[in-house]
Amino acid sequence: SNVLNLISVRKPLKTKPTVIISVTTIDPILSRDLVNAALKTCKNIVNEFKYYELENKKSYINKRLAEISSDLAIMEENLKTFREKNRDILSSPSLMLEQARLLREVEVQTQLYIRLKSEFELLRIEEVGNDESFQILDEAEVPVNRVSPKPLQFVIIIIVFITIFSVSLVFGIDWVRKNKLKIILTKNNYIV
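Below: a short report on this structure. Because the structure is predicted, anything quoted here is derived from the model rather than measured. (Residues numbered from 1 in each chain as written. Predicted model: local features only at pLDDT ≥ 70, side-chain atom pairs only at ≥ 80, totals over all residues. Heavy atoms only, no water.)

1. Points about the packing of aromatic side chains
What counts here: Two rings from Phe, Tyr or Trp (for Trp, the six-membered ring) form a pair when their centres sit within 6.5 Å of each other. Planes less than 30 degrees apart are called stacked, planes more than 60 degrees apart edge-to-face, and all others tilted. Think of it this way: any DSSP run of H or I at least four residues long counts as a helix, any run of E at least two long counts as a strand, and we number them from the N terminus. We call a residue buried when its accessible area falls under 20% of the maximum for its residue type, exposed when it is over 50%, and partly exposed in between, using a 1.4 Å probe and counting protein chains only.
Following the criterion strictly, the structure yields one aromatic pair and no others. Seen from their ring centres, Phe161 and Phe165 are 6.5 Å apart, and the 15° between their planes marks the pair as stacked. Of the two residues, Phe161 and Phe165 both sit in helix 4 (residues 151-187), four residues apart, roughly one turn of that helix. The pair formed by Phe161 and Phe165 is uniform in burial state, with each residue classed as exposed.

Pasting the structure below:
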């Protein structure tokens, strides 16, 4: 939990999908290594999530492909049986209508099968290119300058503080010396 307190993650307002990760430590090399470790962990989490999501989609599509393939085989068999039993379809409008209905059912199932098969192939292609969903724009580098504490600022602040304190002390001592006699005389009911 102490390491998590060192890591800062912020999202710039203008660039929505971009995230900035920074680390504040005493050692610049440790800062760089922590940022790189955080980036690697984030990339692994995103890739695992995407992999899990792709596997779920592939599983669902495989299940649906099996169902549709089975339905398509049954409908094709029904159409074949219908045509075998009714060789002279042209003479009966009701048989022609029934054949058109069976052809539509086969066509719909065929289109569903083709659509799901192409979706499955797209998922397989996406699975191969899975690393592209997380891009690192700038690798972490060893910081050149310290962010905090800044020695020069610290020295200037100390000098200003000591100067103010010294001047206040000198004026305070001088005031006490000048007013000491007045205070003693006032206590003894003498006014000077």
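From this point, the discussion proceeds with the structure in view.
2. What about helix 3 (residues 93-128)?
The criterion, for reference: Expected span of a helix: the number of residues minus one, times 1.5 Å. Any pair of residues with heavy atoms lying within 4.5 Å of one another is described as a contacting pair.
With 36 residues, helix 3 should cover 52 Å at 1.5 Å per step; its first-to-last C-alpha distance of 53 Å lies within 8% of that length. Buried residues of helix 3: Gln99, Leu102, Val106, Gln109, Leu116, Phe120 and Leu123, and no others. Where the residues of helix 3 are buried, they touch helix 2 (28-85).

3. Some thoughts on a nonpolar patch on the surface
As a reminder of what qualifies: Each patch is built from salt-bridge-free residues with over 30% relative accessible area, joining like charges within 9 Å and nonpolar side chains (Val, Leu, Ile, Met, Phe, Trp, Tyr) within 5 Å. Shrake-Rupley sampling with a 1.4 Å probe provides the accessible areas, and residues are treated as covered by the protein chains on show and by no other component. Here, a salt bridge means any side-chain nitrogen of Lys or Arg that lies within 4 Å of a carboxyl oxygen of Asp or Glu.
Taken together, Phe154, Val155, Ile158, Ile159, Phe161, Ile162, Phe165, Leu169 and Ile173 make up a surface patch of nonpolar side chains, about 880 Å² in accessible area. Within the secondary structure layout, Ile158 lies in helix 4.

4. A word on the pattern of salt bridges
Tallied over the entire structure, the rule returns seven salt bridges. As a salt-bridge pair, Arg32 and Asp33 come within 3.2 Å of each other at their nearest N and O atoms. What makes Asp33 partly exposed here is its relative accessible area of 39%. Notably, a salt bridge pairs Arg101 with Glu105, separated by 2.7 Å at the nearest N-O pair. You can see Arg101 and its partner Glu105 sitting in helix 3, four residues apart, about one turn around the helix. Arg101 gets classed as partly exposed once you look at its relative accessible area, which sits at 31%. With a relative accessible area of 29%, Glu105 lands in the partly exposed category.

5. What to know about the side chain of Gln109
By the secondary structure assignment, Gln109 is in helix 3. Residues within four places of Gln109 in sequence aside, it is in contact with Ile68, Asp71, Leu72 and Met75.

What is shown is where atoms sit, not what they do.
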